[in-house]
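# Coordinate inspection notes
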Amino acid sequence: MVNNQSKVTPKHSAWIGASLIAVIIIFFWLVAPIAQDPNYHLFSDNNTLLAVPNFWNVLSNLPFLFVGLFGLLQLQRSQLQILASNRQAYVIFFIGIALVAFGSGYYHLKPSNQTLVWDRLPMTLAFMAFMAFMAFMALCSMLVSEFLSETWGKRLLYPLLIVGLSSVLYWDFTESHGVGDLRFYALVQFIPVIAIPIILLGCKSSFNSISGYWWLLAFYLLAKVLEYFDAQIHQLLAIMSGHPLKHIAAATGVALLLKFYRQRRKTA
């Protein structure tokens, strides 16, 4: 994995990140509203097993529940190497991960725009809680607690959660008025993917390893690929399509992060 003793300084990372984020925000501001594609709900595997519609798409959400609850248990037993000053962010992160199992599972029982909001809401909670203690600058504020400032990481927790929640609620509001707009949601989801590598490459952690964050990012991107090739993977495997594998990949990324939290040690 990448050595966190990068030659790129935190100051350079901040300028690079701020510039990229500014460009992304301007782009999303200028493009026309993005409506939810109705075809998004047409998943390749829609088989009913054991009286459960879309069986594999529903069942594959269980790993989120297991890893979320296990993370909370590990936190309660103080078995994770975390920044105690911002413990609440970790708690919210694992609660959000566990909620994905219920939100996404409910959505996949009967896919529609109305049930989709309950899939994205807990996912955004989890992702943005993670961003809170990994905050970056004033826009997505990733990795602040661990890489830049514990104080600011803690202060940015609830503003970030509000931004994440608002992105989903704004989409739901516009959808209910017949002018669905995903720009805000896409912006909230896209900026961290750009900012995380900049933070990891350009800033020094207060712990002895950052590999868990790279694994989380890698499996998140893998999940997106599996989602995109849902039908093609179904044709290849026959038993299962790409979408349930997306759920499993995303949960695996969190599980690896959890293992990373158990093994790392604080150095500063």
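On a predicted model such as this, the values are computed, not experimentally measured, just so you know.

We now examine the overall build of the protein. In terms of regular secondary structure, the protein is built from 12 helices and zero strands. For the protein, the sequential pattern of α-helices and β-strands runs α-α-α-α-α-α-α-α-α-α-α-α. Taking the contacts inside the protein whose residues are at least 6 apart along the sequence as the reference set, 72% of them involve residues at least 24 apart. Summed over all atoms, the accessible surface of the protein reaches about 13,200 Å², with 69% contributed by carbon and sulfur.

This part is about the packing of helix H4 (residues 87-109) against helix H12 (residues 242-263). Two elements in contact, H4 and H12, have axes whose closest approach is 13 Å; the angle formed by their N-to-C orientations is 165°. Viewed along their axes, H4 and H12 adopt a mutual orientation that is roughly antiparallel. The chirality of how H4 crosses H12 is left-handed. The segment H4 lies against H12, with Tyr 90, Phe 93, Phe 94, Ile 97, Ser 104 and His 108 engaging His 243, His 247, Val 254, Leu 257, Leu 258 and Tyr 261. For the contact of H4 with H12, the residue count by class is eight nonpolar, four polar and no charged.

For the rest of this paragraph, the subject is the side chain of Gln 74. Mapped onto the elements of the fold, Gln 74 is located in helix H3 (residues 62-76). A polar contact is formed between the side chain of Gln 74 and the side chain of Gln 79, at a distance of 3.0 Å. Those residues in contact with Gln 74 that lie beyond four places of it in its chain are Gln 79, Leu 80 and Arg 262.

Turning next to the environment of Gly 178. Take Gly 178: it is sitting in the loop between helix H8 (157-176) and helix H9 (183-202). Residue class for Gly 178 comes out exposed when judged on its relative accessible area of 67%.

Let's shift gears to helix H10 (residues 211-228). With 18 residues, H10 extends 26 Å between its outermost C-alpha atoms, agreeing within 8% with the 26 Å of an ideal straight helix rising 1.5 Å per residue. Residues Gly 212, Tyr 213, Trp 214, Leu 216, Leu 217, Phe 219, Ala 223, Leu 226 and Glu 227 constitute the buried set of H10.

A word on a nonpolar patch on the surface. A cluster of nonpolar side chains, Leu 222, Val 225, Tyr 228 and Phe 229, forms an exposed patch at the surface whose accessible area comes to about 410 Å². Assignment of secondary structure puts Leu 222 in helix H10. For Leu 222, a relative accessible area of 37% gives the class partly exposed.

So, on to the confidence of the model for the protein. Overall, the prediction assigns the protein a mean pLDDT of 81, with 84% of residues at 70 or greater. Mean pLDDT values over the elements of the protein span from 60, in helix H5 (residues 113-133), up to 95, in helix H11 (residues 230-237). Every residue in residues 1-7 scores below 50 in pLDDT, and together they form 14 contacts with partners more than four places removed in sequence or on other chains. Counted against residues more than four places away or in other chains, residues 128-142, with its pLDDT under 50, gives 77 contacts.

A separate point is unusual backbone geometry. Negative phi is the rule for most residues except glycine; trans is the rule for most peptide bonds. Backbone geometry places Asn 54, a non-glycine residue, at a positive phi of 50°. Looking at where Asn 54 falls in the secondary structure, it is placed in the loop between helix H1 (10-30) and helix H2 (55-59). Located in the positive-phi region is Ser 78, a residue other than glycine, with phi close to 55°. Residue placement: Ser 78 occurs in the loop between H3 and H4. By relative accessible area, which is 64% here, Ser 78 ends up exposed.

Two elements in contact, H9 and H10, have axes separated by 11 Å at closest approach and are oriented at 150°. Overall, the two elements H9 and H10 adopt an arrangement that is roughly antiparallel. Here the hand of the crossing between H9 and H10 comes out left-handed. Judged by residue contacts, Gln 189, Val 193, Ile 196, Pro 197, Leu 200 and Leu 201 of H9 engage Tyr 213, Trp 214, Leu 217, Tyr 220, Leu 221 and Lys 224 from H10.

Attention shifts here to the packing of aromatic side chains. Geometry of an aromatic ring pair is reported as the spacing of the ring centres plus the angle between the planes. A full pass over the atoms with the stated rule returns 12 aromatic pairs. Plain terms: the ring middles of Tyr 90 and Tyr 261 are 5.8 Å apart, the flat faces sit at 70° to each other, and that makes the pair edge-to-face. Of the two residues, Tyr 90 sits in helix H4 while Tyr 261 sits in helix H12, which places them 171 residues apart along the sequence. Taken as a pair, Tyr 90 and Tyr 261 share a single burial class, namely buried. Among the aromatic residues, those joined into a cluster by ring pairs are Tyr 90, Phe 147, Tyr 213, Phe 260 and Tyr 261.

Conventions adopted
- Residues numbered from 1 in each chain as written.
- Predicted model: local features only at pLDDT ≥ 70, side-chain atom pairs only at ≥ 80, totals over all residues.
- Heavy atoms only, no water.
- Helix = DSSP H or I, 4+ residues; strand = E, 2+ residues; numbered from the N terminus.
- Contact = heavy atoms within 4.5 Å.
- Areas by Shrake-Rupley, 256 points an atom, 1.4 Å probe, with all protein chains shown as cover.
- Axes fitted to C-alpha atoms, helices over the stretch in contact; angles between N-to-C directions.
- Parallel < 35°, antiparallel > 145°, perpendicular 65-115°, else oblique.
- Left-handed = near helix turned anticlockwise from the far one by under 90°.
- Nonpolar A, V, L, I, M, F, W, Y, C, P; charged D, E, K, R; others polar.
- Polar contact = N/O pair within 3.5 Å; in protein donor to acceptor, adjacent residues only side chain to side chain.
- Buried < 20%, exposed > 50% of the residue type's maximum accessible area, 1.4 Å probe, protein only.
- Expected span 1.5 Å × (residues − 1).
- Patch = residues over 30% accessible without salt bridge, like charges linked within 9 Å, V, L, I, M, F, W, Y side chains within 5 Å.
- Salt bridge = Lys/Arg side-chain N within 4 Å of Asp/Glu carboxyl O.
- pLDDT = per-residue confidence, 0-100.
- Phe/Tyr/Trp six-rings, centres within 6.5 Å; stacked < 30°, edge-to-face > 60°.

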